[in-house]
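Listed below are the residues making up each chain.
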Amino acid sequence: MKKAPNQILIILLCVFIAEFVLFRTGAVSLQFLYASFYGGLLNVLNTAASLKAFDYSVEKGGKIFILFTLGGMLFRIMLILAAILILLKFLNIDKYGFIFTFSVLYILFLAVEVNYFRLKISQLKASRLEVSQKKA
């Protein structure tokens, strides 16, 4: 299941190449690039935490899965909100660039997460079906 990290890297690479091209043409400032870096870093950490929590909890049972999935979502959202407020308050970065990049990457990484969850669950169902067929 190495697809998700590869997809994340491809998305980051495409976004940062586009932003670098915009920087070289003078369309965005250096502060915009710094803000984009922080937005990308925050999204990568969020997505990595989501994937790790899902991998840990998917085979543990219903209560633990719900706790890690829904509780983890709430916890991550609160951490992201706190991190955004701290970054925007204390760092001298382009606020609009940060918010724009963060929002775009958040949506793209959310699609990667959903795809990862879908593929992982279908793999688990297939492996359970094979085990039940071997027993019969």
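Source: prediction; values computed, not measured.

Colleague: What exactly am I supposed to notice about the overall build of the protein here?
Modeller: Broken down by element type, the protein carries 4 helices and 0 strands. Counting from the amino terminus, helix and strand elements in the protein follow one another as α-α-α-α. The C-alpha atoms of the protein give 18 Å as radius of gyration, which overshoots the globular expectation for 136 residues (14 Å, by more than 25%). Dimensions of the protein along its principal axes, counting C-alpha atoms only, are 65 × 30 × 15 Å. For the protein, contacts bridging at least 24 residues in sequence account for 75% of all contacts bridging at least 6. As displayed, the protein has an accessible area near 9,200 Å², and 73% of this comes from carbon and sulfur atoms. The protein carries 15 positive and 6 negative side-chain charges, and their two centres are separated by 6 Å.

Colleague: Explanation requested: the side chain of Asn43 in the structure shown.
Modeller: Residue placement: Asn43 occurs in helix H2 (residues 30–57). Asn43 gets classed as buried once you look at its relative accessible area, which sits at 0%. Sequence-distant contacts of Asn43, that is, excluding residues within four places in its chain, are made with Thr101, Phe102, Leu105, Tyr106 and Phe109.

Colleague: Explain the environment of Tyr56 here, please?
Modeller: For Tyr56, the position within the fold is in helix H2. The class for Tyr56 is partly exposed, based on a relative accessible area of 44%. The spacing of Tyr56 and Ile66 is 10 residues in sequence and 12 Å in space, taken between C-alpha atoms.

The rules we used
Residues numbered from 1 in each chain as written. Predicted model: local features only at pLDDT ≥ 70, side-chain atom pairs only at ≥ 80, totals over all residues. Heavy atoms only, no water. Helix = DSSP H or I, 4+ residues; strand = E, 2+ residues; numbered from the N terminus. Rg over C-alpha atoms; globule rule 2.2 N^0.38 Å. Contact = heavy atoms within 4.5 Å. Areas by Shrake-Rupley, 256 points an atom, 1.4 Å probe, with all protein chains shown as cover. Lys, Arg positive; Asp, Glu negative; His and termini not counted. Charge placed at Lys NZ, Arg CZ, Asp CG, Glu CD. Buried < 20%, exposed > 50% of the residue type's maximum accessible area, 1.4 Å probe, protein only.

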